[in-house]
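These are the residues of each chain, in order.
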Amino acid sequence: MEGRKVDDPAACHHVHRAERVEFPGPGLRRHGFPFTDEQVNDGKRSYNSACSTCHGNTLANGTMGPHLAGQVFDAKWKDKTVADLFTYSRDHMTPSRPHSLPDETYAAITAYILRMNGNEPGDQPLLTDPDALANQQILVPSAD
Ligand code: HEC
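Here the structure is a predicted model, which means the values were calculated and not measured.

Trainee: Sorry if this is basic, but what is going on with unusual backbone geometry here?
Mentor: Negative phi characterises most residues that are not glycine, and trans characterises most peptide bonds. Of the consecutive residues Met93 and Thr94, the connecting peptide bond is found in the cis state with omega at -5°. Mapped onto the elements of the fold, Thr94 is located in the loop between helix H4 (82–92) and helix H5 (103–116). Even without a glycine there, the phi angle at Leu59 is positive, about 75°. Structurally, Leu59 is set in the loop between helix H2 (52–55) and helix H3 (71–77). Residue class for Leu59 comes out buried when judged on the 25 C-beta atoms lying within 10 Å of it. One non-glycine residue, His99, lies in the positive phi region at around 50°. For His99, a count of 14 C-beta atoms within 10 Å corresponds to the partly exposed category.

Rules used in this analysis
- Residues numbered from 1 in each chain as written.
- Predicted model: local features only at pLDDT ≥ 70, side-chain atom pairs only at ≥ 80, totals over all residues.
- Helix = DSSP H or I, 4+ residues; strand = E, 2+ residues; numbered from the N terminus.
- Buried ≥ 20, exposed ≤ 12 C-beta atoms within 10 Å, placed from the backbone.

Here's what the structure looks like:
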C-alpha cells in the first residue's frame, strides 16, 4: 500500500499549496488543533493515494464521496470532534477496506483534512488515541 500510485487521473492533479477553506458556517469559528506540518505532508500523500479518487483532490470536488472541506463538511461536522473524524475515517474508510492503513496514517490524513479546512499546524502531533481527541470540537460557536 505504502507508496503505491493509484491509477486515477484525478490523483495526478496535485494541490500544490494547502488550499485553505476559510468559510465556516454562520456563527462558527475554527478551532486550533494540535497537528504538525509533517503530518499534513504525510497525510496529503496518503490522502491522494487512498482517498482522493472518491473525495476529490481538493477535498471538495469528489464525485463518489461527500466533500471533506467547505460548507457541506462544516454543516455535518460542526458538533463533532476530531475523535469522531479520526475514528470514522479509520473504521469506515476506504469503504471496501476499512482500517487498512496504520493508525498513524489515519491521524496524518485527519491532520490534512483539518489543514484543508483552514487550521494552522503547530508543534504538537495529532495523536492516534481517540480519547485524547475527544474534546477537540471541530467547529465552535463564534464569540460574536
Ligand atoms: C471508493 C470511494 C471512497 C474512498 C476510496 C474513500 N471514501 Fe470516504 N466516503 C465514501 C462514501 C461513499 C462516503 C459516504 C458514505 C459513508 O459515510 O460511508 C464516505 C464518507 C467519508 C467520511 C464521512 C464524511 C461525511 O461528512 O459524512 C469521511 C471522513 C471519509 N469518507 C474519509 C475518507 C478517507 C480519510 C479516505 C481515505 C483513507 C476515504 N474516505 C476513502 C467513499 C470513499
